[in-house]
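What follows is each chain in one-letter form.
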Amino acid sequence: MLVACAVLSGLVMALVPAPADLAGATPRSTVLSSTVVRTPSQTTTTVVLGSPHIIPQPNAGRAPRDAGERGGWMQEALFGLLCAVLVLIGLLIWRDSRRKRRALAGSGQGQPASADR
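Residues numbered from 1 in each chain as written. Predicted model: local features only at pLDDT ≥ 70, side-chain atom pairs only at ≥ 80, totals over all residues. Heavy atoms only, no water.

Draft legend 1. Focus on the overall build of the chain. When its secondary structure is counted, the chain shows two helices and two strands. Along the chain direction, N to C, the helices and strands of the chain fall in the order α-β-β-α. Counting across all 117 residues of the chain, residues that qualify as buried make up 2%. Counting only contacts in the chain whose residues sit at least 6 apart along the sequence, the fraction spanning at least 24 positions is 3%. Carbon together with sulfur atoms contributes 65% to the accessible area of the chain, which is approximately 10,900 Å² in total. (Helix = DSSP H or I, 4+ residues; strand = E, 2+ residues; numbered from the N terminus. Buried < 20%, exposed > 50% of the residue type's maximum accessible area, 1.4 Å probe, protein only. Contact = heavy atoms within 4.5 Å. Areas by Shrake-Rupley, 256 points an atom, 1.4 Å probe, with all protein chains shown as cover.)

Here's what the structure looks like:
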């Protein structure tokens, strides 16, 4: 099985060559603009600025223009509603547990067996 995986990965690597555009690129570089100069020697000038970020930097985007967009009032209202529902569920659980503890204490079933003797 291991030999078959090695052969298959070797075939994939042999059949899928690296793109010529990325052969000389350095990792973590972003090409923001490029200028092609047509001369007999076919020279290409590339300007590389900064490094890419998977997670956007703070204040890198734009303010929401519509209520349904990310960060709009609808999203904030939904977050508030979810928080309120979670607090309500917690309060209902707490209230129900208090009622059951009172009922057990009033009926005497909540007392240990050694206290009756």
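We are not done yet, so read on.
Draft legend 2. Region of the structure containing unusual backbone geometry. Here the phi dihedral of Asn59 falls at roughly 60°; this positive angle occurs in a residue that is not glycine. With respect to the element layout, Asn59 can be found in the loop between β2 (43–48) and α2 (73–107). Using a relative accessible area of 82% as the deciding quantity, one classes Asn59 as exposed.

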